[in-house]
Amino acid sequence: MVTDSLTYPASVQATDTNDVCDRSSVLSRTFSSLKWFLALTVVADHFFRITPTTAGGVAFDTASYPGFTFICDFVSHFIKNYAVPVFFFMSGYLAYRSDILTRNDWKRILSKKTRSLVIPFLAFTLFGILVFYALNLILYFKGSMQASVAFMPFIAADGSMDFSNLGSMIIGIGSDTYFPYYNVPLWYVRDLFALFLLLPAIHYAVRRLNAPCLLIILALALILLTGAWFARPQVGLFFFTWGYWMRSRHIDPEKSFSRTLPIVVILYPLLSTICLFLSDTHPELTRIIHNANTILIVPFLIGIFSILVRNGILSGSGFLASASFLLYVTHLCWMWIFKDIILRTVNPADGSIAGTLSLLATYIILIITTLILYKALSVYTPRFLNLICGRY
């Protein structure tokens, strides 16, 4: 096994050996099970969308495929944007255990997070740039401009090569829109490291401010709920702080959320169903409900998965949990390649069930291929795999 600790899906990785939950505990196995499931939902969120699809110069009307629109609507209202907040919550809960955060502790944390976050971030960012540079060269010399601009970060609108945005692409300055398409999932890794840079301030707010800190959390929750400040950095800060606060108060999420589960298990599906049917006629109300569900998803998933773990239905597979990071950071690259190949091979007619089955098969093949790749890397190049996945 490549890793024996909780690692992020990315990067839900404990700060040191003192703050890693016992692998035999229900909470630890719950987090391990959640990592793989959440990685699958991120892939589903990016995959099941009604967008113009072209493969080999042929346009495919995915909206006409039987059931595909319903799958996309279901993913949009039951899954979309829910996975990463849970990752941030788990990262915050596992960030640090002691009541006192000294300067040396913080330096040690940053040193470890540089290895577990910054190195993978740079490795996959540079790999993504090389992949797209090679793709751009092929398109450039073929004179093909049919691909989306998102796939051509080095080709200007007039068809010339343009490298002016290379620097901002490496770090995604300001927004994930600066990332090339393949690297978009890395915004989470970048923002998580930024939160560890802010850890002294978060620790002070959680440990020292007490009641004011709770008011800040509630205020952020209300802002998050109304959508007035609904942006990725604020979402990460809110859920990371929520998890960190629960750990600092020695509140076990598994036990706490299990008690609220009877209410949440009704509210979450109910609100998601309302969004599903009102999204076209009441978009503003749908947005507020969707944001509320972003908060409810944490107790909902942790409560559900802890029950499954306690009853022996899930075991917290170390292999799947470890492979979740590779799936998270590489799926966009394989996704469009596999989709292109399968659609060109099957060439489904508009309105045919073959189109829906082809896309579902692409999703499954993408996941299986990533698992095979991860297994091969763990067998033949384990040290390299540890390096790019931040396990040193």
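Residues numbered from 1 in each chain as written. Predicted model: local features only at pLDDT ≥ 70, side-chain atom pairs only at ≥ 80, totals over all residues. Heavy atoms only, no water.

## Considerations on the overall build of the protein
Step number 1: For the protein, the helix and strand inventory stands at 14 helices and two strands.
Step number 2: The proportion of buried residues among the 392 residues of the protein is 51%.
Step number 3: Residue pairs at least 24 apart in sequence account for 78% of intrachain contacts in the protein once pairs closer than 6 positions are excluded. (Helix = DSSP H or I, 4+ residues; strand = E, 2+ residues; numbered from the N terminus. Buried < 20%, exposed > 50% of the residue type's maximum accessible area, 1.4 Å probe, protein only. Contact = heavy atoms within 4.5 Å.)

## Observations concerning the nonpolar core
Step number 1: Within the largest apolar cluster, 92 residues are counted, with the highest numbers of intra-cluster contacts made by F89, Y188, F196, F239, W242 and V298.
Step number 2: If one sorts the elements of this core by residue count, helix α1 (residues 26-47) sits on top with 11 residues.
Step number 3: Setting aside residues no more than four positions away along its own chain, W242 makes contact with F89, F257, I295, V298 and P299. (Core = buried A, V, L, I, M, F, W, Y, C linked by side-chain atoms within 4.5 Å.)

## A closer look at unusual backbone geometry
Step number 1: Of note in the backbone geometry, H250 takes a positive phi value of approximately 55° without being a glycine.
Step number 2: Note on placement: H250 falls in the loop between α9 (232-248) and α10 (253-278).
Step number 3: Relative accessible area serves as the criterion here: at 63%, H250 is assigned to the exposed category.
Step number 4: Notably, N347 is not glycine yet its phi reads approximately 50°, a positive angle.
Step number 5: Within the secondary structure, N347 sits in the loop between α12 (318-346) and α13 (353-380).

## Some details on helix α11 (residues 283-310)
Step number 1: With 28 residues, α11 ought to run about 40 Å at 1.5 Å a step, and its terminal C-alpha atoms sit 39 Å apart, in line with that.
Step number 2: Of all the bends found along α11, the most pronounced is centred on L296 and spans about 40°, while P299, a proline, follows it within four residues.
Step number 3: In the segment just after α11, G312 is the residue with positive phi, at about 75°. (Expected span 1.5 Å × (residues − 1). Bend = angle between axes of the 7 residues up to and from the residue.)

## Re the pattern of salt bridges
Step number 1: For the structure shown, the criterion picks out four salt bridges.
Step number 2: The closest approach of N and O atoms between R190 and D191, which form a salt bridge, is 2.9 Å. (Salt bridge = Lys/Arg side-chain N within 4 Å of Asp/Glu carboxyl O.)

## Quick look at the packing of α1 against α13
Step number 1: Where α1 meets α13, the axes come as close as 11 Å, and the angle between the chain directions of the two elements is 140°. By the angle between their axes, α1 is oblique relative to α13. Both α1 and α13 take part in a crossing whose hand is right-handed. Here α1 contributes W36, L40, V43, A44 and F47 to the contact with α13, which in turn contributes L359, T362, Y363, L366, I367 and L371.
Step number 2: Class assignment for the residues of the contact of α1 with α13 results in 10 nonpolar, one polar and no charged. (Axes fitted to C-alpha atoms, helices over the stretch in contact; angles between N-to-C directions. Parallel < 35°, antiparallel > 145°, perpendicular 65-115°, else oblique. Left-handed = near helix turned anticlockwise from the far one by under 90°. Nonpolar A, V, L, I, M, F, W, Y, C, P; charged D, E, K, R; others polar.)

## Looking at the packing of aromatic side chains
Step number 1: Taken as a whole and assessed by the stated rule, the structure comprises 24 aromatic pairs.
Step number 2: An angle of 50° between the planes, with centres 5.1 Å apart, marks the rings of F37 and F305 as tilted. Remark: F305 occurs in helix α11 and F37 occurs in helix α1; sequence separation between them is 268 residues.
Step number 3: Judged by its relative accessible area of 33%, F37 falls in the partly exposed class.
Step number 4: Here F305 falls in the buried class, since its relative accessible area comes to 8%. (Phe/Tyr/Trp six-rings, centres within 6.5 Å; stacked < 30°, edge-to-face > 60°.)

Keep in mind these numbers describe shape, not what the thing actually does.
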